Amino acid sequence: MATYTAHVITLRATRIRDSEAVCRFCSAERGKIEAAARGIGRPGSKLTPATELFVLSRAMFAEGRNLDRLTQVEVEESFYPLRTDVRRMSCAAFAVELVDKTTEAGEPNPETFHLLKSTLAALCESGKPPQVTWAFQAQYLSLIGIGPLMDCCITCGTTDDAQLLAFSPSLGGVLCRGCAGEDAHQAICPGTRRSYEALLGLGPGGADRLGVEPRVARELAWLLESHRQFHVQADIKSAKFLARLAERP
Ligand SMILES: [Zn+2]
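About the criteria used
- Along each chain, residue indices are assigned from 1 in the same order as the chain's sequence is written.
- The model is predicted, so local features are restricted to residues of pLDDT at least 70 and side-chain atom pairs to those at 80 or more, both for listing and for counting; the totals for chains, interfaces and linings are taken over all residues.
- As a rule here, side-chain values come from all non-hydrogen atoms in the structure, and water together with hydrogens is ignored.
- Take the buried residues of types Ala, Val, Leu, Ile, Met, Phe, Trp, Tyr and Cys, join any two whose side-chain atoms come within 4.5 Å, and each joined set is a nonpolar core.
- Using a 1.4 Å probe on the protein chains alone, a residue whose accessible area is under 20% of its type maximum counts as buried, one over 50% counts as exposed, and one in between counts as partly exposed.
- Should any heavy atoms of two residues lie within 4.5 Å, those residues are considered in contact.
- Salt bridge, as used here: a side-chain nitrogen of Lys or Arg that lies within 4 Å of a carboxyl oxygen of Asp or Glu.
- Secondary structure elements are taken from DSSP: a helix is a run of H or I of four residues or more, a strand is a run of E of two residues or more, and numbering for both begins at the N terminus.
- Centres within 6.5 Å make a pair out of two Phe, Tyr or Trp rings, where for Trp the six-membered ring is used; the pair is then stacked when the planes are under 30 degrees apart, edge-to-face when over 60, and tilted otherwise.
- Throughout this description, the term charge over a ring refers to an Arg CZ or Lys NZ atom that lies within 6 Å of the ring centre and within 35 degrees of the ring normal.

Caption draft 1: Examining the nonpolar core more closely. In terms of nonpolar packing, the biggest core is built from 55 residues, with Leu 82, Leu 116, Leu 120 and Phe 136 touching the most fellow members. Apart from residues no more than four positions distant in its own chain, Leu 82 is found in contact with Phe 54, Arg 88, Met 89, Ala 92, Leu 120, Leu 123 and Cys 124. Ala 6, Ile 33, Ala 50 and Val 73 belong to the second largest nonpolar core, which has 16 residues in total.

Structure below.
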């Protein structure tokens, strides 16, 4: 039976019986991997840590006809602080769920792996977990080709900063005053667009450095959430917790 090794982050583990789980991993080498972990929960089982969310490990797999099997696990980082703080845990749960639901098995995507790894590491240290998560989301949506267009009006292309004062989730970008007109496009203040671009540039590891006004924070949370809902065809359940956190930064 062919075997392979990969650096993996655990995205999801579903127990199917006491000693067995089906797990999904984000890997640097092979994109998403789905595999069975057997014999877990028993004393001395070396596979059990890989069934915990967020754990980064070097794992060995055996290829199976329908489902691969996890055979060895060497934990490299457990991201323990994510398990002791509900805000950090909720943000990390959102990040892994979004990656899980927007990636396909067998499509190598090292950028996603490294972005997720740096996001989990940043959340362990962060005093502003929602901001780290916005930076992650901005970079990730851009990486998978569905990030919002924020540097010019999505309809007429103007880059006049003073005019870019609305955001359309359905069109997927900012609109100038003239193009937004009177309809339902949501107004945003200039600071929101600038903060979005700053978070995109800083990434999860630098997101704590940005100062964000409460109004800008509310608008960023709305903008990212509504854009994602419109352009990602999956229900991200942990987004609800994230929205509650953003209301109480
Ligand atoms: Zn315009």
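Caption draft 2: Summary view of the pattern of salt bridges. In the structure shown here, the tally under the stated rule is 13 salt bridges. Among the salt bridges present, the one from Arg 17 reaches Glu 20, with a minimum N-O distance of 2.5 Å. Its salt-bridge partner being Arg 24, residue Glu 34 comes within 3.4 Å of it at the nearest N-O pair. You can see Glu 34 sitting in strand E3 (residues 31–38) and its partner Arg 24 sitting in strand E2 (residues 20–27), a full 10 residues away along the chain. Owing to a relative accessible area of 36%, Glu 34 belongs among the partly exposed residues under this scheme. By relative accessible area, Arg 24 is classed as partly exposed at 24%.

Caption draft 3: Region of the structure containing the packing of aromatic side chains. Applying the stated criterion to the full structure yields 4 aromatic pairs. Here the aromatic rings of Phe 25 and Phe 61 are separated by 5.6 Å at their centres, their planes lie at 65°, and the arrangement is edge-to-face. Of the two residues, Phe 25 is situated in strand E2 and Phe 61 in strand E4 (residues 56–62); the sequence distance between them amounts to 36 residues. Just as Phe 25 is buried, Phe 61 falls in that class too. Considering the side-chain rings of Phe 136 and Tyr 140, the 5.6 Å spacing of their centres and the 10° angle between planes classify their relative orientation as stacked. Taken together, the positions of Phe 136 and Tyr 140, both in helix H3 (residues 129–143) and 4 residues apart, correspond to about one turn of that helix. Taken as a pair, Phe 136 and Tyr 140 share a single burial class, namely buried. Taken together, the ring pairs in this structure connect Tyr 4, Phe 25 and Phe 61 into an aromatic cluster. Here the basic side chain of Arg 30 rests over the ring of Tyr 4, its NZ or CZ set 3.5 Å away from the ring centre.

So yeah, pure geometry; function would need other evidence.
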